[in-house]
Structures are given as C-alpha cells and as structure tokens.
Amino acid sequence: MVTIAFPGLGIEPFTINKIAFTVPIFGGVEVRWYGLIITFGIILAFMYAWYRSKQERVAIDDLLDIAIYAVIFAVIGARIYYVLFDIIGNGAGDNYRSFIDYIAIWRGGIAIYGAIIGGALSIYVVCKCKKIKWQRVFDMVSPGVMIGQILGRWGNFFNGEAFGGVPQEGTFLYRFRMEVAQDYWYSGVTAHPTFFYESFWNLIGFLIINAIYKKKRFDGEVFLWYITWYGFGRMLVEGLRTDSLWLGRIRISQLVGALCFVVGLALTLIFHIKAVKKGTRPIAALAVNAPENATAAAGSDEASVEAEADAANNEEKSSDEKNIAGENGEEQSKDAEASEDVDSGENR
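Every chain's residues receive numbers from 1 upward, in the order its sequence appears when written. Totals for whole chains, interfaces and linings use all residues, but because this is a predicted model, local features are given only for residues with pLDDT of at least 70 and pairs of side-chain atoms are given and counted only at 80 or more. Side-chain figures throughout are based on the complete set of non-hydrogen atoms in the structure, without hydrogens or water.

*Asks:* Lay out the pattern of salt bridges with the relevant residues and their values.
*Replies:* Pairing is possible between side chains that carry opposite charge, provided their charged atoms lie close to one another. A pair is scored as a salt bridge if a Lys or Arg side-chain nitrogen falls within 4 Å of a carboxyl oxygen belonging to Asp or Glu. Applying the stated criterion across every chain yields a total of 14 salt bridges. We note a salt bridge from Arg-107 to Asp-101, for which the minimum N-O separation is 2.8 Å. Accessibility expressed as a relative area gives 15% for Asp-101, which makes it buried. Across the pair Lys-216 and Asp-219 runs a salt bridge whose closest N-O atoms are separated by 3.2 Å. Burial classes: relative accessible area under 20% of the type maximum marks a residue as buried, over 50% as exposed, and values in between as partly exposed (1.4 Å probe, protein chains only).

This is the structure in structure tokens:
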C-alpha cells in the first residue's frame, strides 16, 4: 500500500493499492497498476504509429512485425541497461546472485533509456531486412513513445517511486511537493514529484511535435525533435531524483539526456539547413500540391489526346483531298484522250 498527499495543493493523504487484481492461477498472480498502465501506453503508442503509417508509406503488416520485435527488445534493453549500471555505478552486484535475479523485472528495475536503445536497434534491423526506410519508421514511432512515457510515469506514481529530494521552501516547485509513504519500504518523505514533472514535460513535447509533424523536411527529423526535447527535460528532472543510476560521480541518465539534447539539436539544425538549401518542401506542402499535380497531369493527358485526335482528323482530310484530286485528274486525262481521238478522226 502507498499513502500519498499533496499538501501544497490541498490534497489530503489517500491510500493506493499497488495491486489492481489477482488472477487465481499458480497460487495467485498479482497484476499491478504499473503493468497495466505500461501496457496501455504501449497500445496507444502502436495506435499512433498506425495513424502515421499511411503518411510514411509503411504497410500495416510491416508495422505489426516491427511492433512485436520493438516491444520485446525494449523490455530486454530496459532491464540490461538498469542491471548494468546498477552493478557498475551503484555497486549493487550482490543483488544479482542467480540468473533469475538478472531477469526479475517483476521485482522492479528497468530504465527508459535502455528501452529506447533496445527498441530502436530492433526497429533498425527489421527495417533493413524488409527494405523499409528506417528513418520514416523512427519518425512515426517517436511521438507514440512519448505517449507511453506520459502514461508510464503514472505507473511510478501508483508504485510510490521515482520521486526526488525535498523541495526548497519558498520556491515555485515547493507548492507541488508530495508526501509519500510505502509499507515495508519507508515511513514517509517529502519530495519532488519528479514522475509528474517528466510526464508533464513529455505531454507538452508530444503536443508540439504532433502539431508540427507535417512540417518536417527530411526523414528522421521528428525522431531528432523527440530525443532533443526529451533529453533536455530528462537532464533537468534527473538532477532532482534520489534513485538515480550512477557512473562514478555522474548520474548516467542525466549524462545521456545531455548528449541526446546536444547531438539531437546539432543534427536537426545541420540537416534542416541542408534540406532548405536543396529546396526540399515540408511534407504538408507536398500533400497539398499532390491533387493539383494530379489535375495538371490529367489536363496534360487530355490535351495530348485532343492533339492526337486533331492530327488524325487532319490526316483523314488530307487523304480525302488527295483522293478527290486524283479522281479529278483521271477524269481530266480521259477527257483529253477523247478529245485527241476526235481530232484525229477529223484529220483522216
């Protein structure tokens, strides 16, 4: 059970059961709100990618194949990333004594950057095998990933985890402080609701990126927008958390976030400027002009047909005129011959 309150917002303490329901098999399988929320986020992410697939010219069958591999390897990547840096950075090697300890995601311990890396690699490989332009798939998937992240952080809320340190009194964020307590873990703390900060940041980013999606000028630009936006926000929010993965004295997720922001912004500017110089138009403009081009092409075809018909008519007229001229010539020749015969008869 988790007890949460937001005193600065006037929300009194309330209790949340982390377990949504129990399936009566194998002695009772607990289904937690965290798992349900993550699953719902994956479904919505897939639906968004489906919505964009027609625009990016990706077949639904190919999208289904991509989604299956992406989800599987995202989970694997999330676990590997967490375990790796938990052992290397946090010195928690003693927590992993058996193979089950390494794969026990039901005990907690996954990281979103690992999920992004694992999912992205699987998408790249599947696209290469299917001869699909992977940059387009990255574009149509990225906003959907943001939807999953928006919801996924609320899974942390139900688990009573992923919060930050104590906010400083008198600051703007102090008003949003949360008080949280969890049975068998900690009695109670006052903390930054960092799960909410990140969820809200991703919501704003999703709304912006979705609104300007059709303004992209090159394949892969939407993906760069995503890693730039998310990287900057995660870099800031991670600095407030108390459960970070470390690499020496550096918060690893903060470092990765900073790299995503810098690299993503630089590549966006470089490729966008190149696209503008080449005269590449946004896909929205191309879509608007498509009907006009089709109409122009149809008009051109009609003009060609009319020209061919006129040419054929002219040929027929010319042929008829030649035939008439030929017949007149023959008649004139016959008359001339008859006239000569008459003249010849008279001279005898």
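*Asks:* Describe the packing of helix H5 (residues 134-159) against helix H7 (residues 221-238), listing the residues and the values that go with them.
*Replies:* How two helices pack is summed up by the angle between their axes together with the distance between the axes. Look at H5 against H7: their axes get within 7 Å of each other, and the N-to-C directions meet at 30°. Overall, the two elements H5 and H7 adopt an arrangement that is roughly parallel. In the packing of H5 onto H7, the handedness of the crossing is left-handed. Facing H5, whose interface residues are Phe-138, Asp-139, Ser-142, Pro-143, Val-145, Met-146, Gln-149 and Arg-153, H7 presents Glu-221, Val-222, Phe-223, Tyr-226, Trp-229, Tyr-230 and Arg-234. Three classes are used: nonpolar for Ala, Val, Leu, Ile, Met, Phe, Trp, Tyr, Cys and Pro, charged for Asp, Glu, Lys and Arg, and polar for all others, with Gly counted as polar. For the contact of H5 with H7, the per-class residue count stands at nine nonpolar, two polar and four charged. Note on definitions: angles span 0 to 180 degrees between N-to-C directions of axes, and those axes are lines fitted to C-alpha atoms, for helices only across the stretch in contact. Strands here are runs of E lasting at least two residues and helices are runs of H or I lasting at least four, both read from the DSSP assignment and numbered beginning at the N terminus. These descriptions rest on fixed angle ranges, namely under 35 degrees for roughly parallel, over 145 for roughly antiparallel, 65 to 115 for roughly perpendicular, and the rest for oblique. Handedness of each helix crossing follows the sense of rotation of the near helix against the far helix: counterclockwise by less than a right angle gives left-handed, clockwise gives right-handed. Contacts: residue pairs with any heavy atoms within 4.5 Å of one another.

*Asks:* Provide a residue-level description of H7, including the pertinent values.
*Replies:* Given a rise of 1.5 Å per residue, 18 residues ought to cover 26 Å, and the 25 Å separating the end C-alpha atoms of H7 matches this to within 8%. Counting buried positions along H7 yields 14 of 18 residues, so the element is predominantly enclosed. Here the expected length of a helix is defined as 1.5 Å per residue gap, with one fewer gap than residues.

*Asks:* So, the side chain of His-192: which residues are in play, and what are the values?
*Replies:* Within the secondary structure, His-192 sits in the loop between strand E6 (186-191) and helix H6 (194-211). Setting aside residues no more than four positions away along its own chain, His-192 makes contact with Phe-163, Gly-164, Gly-165, Val-166, Pro-167, Leu-173, Met-178, Tyr-197 and Leu-240.

*Asks:* How would you summarise the packing of helix H1 (residues 33-53) against H5 if you had to cite specific residues and measurements?
*Replies:* Relative orientation of the contacting elements H1 and H5 amounts to 165°, with a least axis distance of 8 Å. With respect to H5, the element H1 is oriented roughly antiparallel. As H1 runs across H5, the sense of the crossing is right-handed.

*Asks:* Talk me through the pairing of strand E1 (residues 2-6); I want residue IDs and the actual numbers.
*Replies:* Along any regular strand the residues' side chains alternate between the sheet's two faces. Of all five residues in E1, four are buried, a share of seventy percent or more. In short, DSSP must find at least two bridges between two strands for them to pair. In this structure, E1 lies alongside strand E2 (residues 11-16), joined through four bridges in antiparallel fashion. Along E2, the bridge assignment pairs Val-2 with Ile-16. Hairpin connection of E1 to E2: four residues between the antiparallel strands, including Gly-10 at a positive phi of 75°. Inspection of the sheet shows E1 paired to strand E5 (residues 178-182) by four bridges, in the antiparallel sense. Residue pairing in the sheet places Val-2 in a bridge with Gln-182 of E5.

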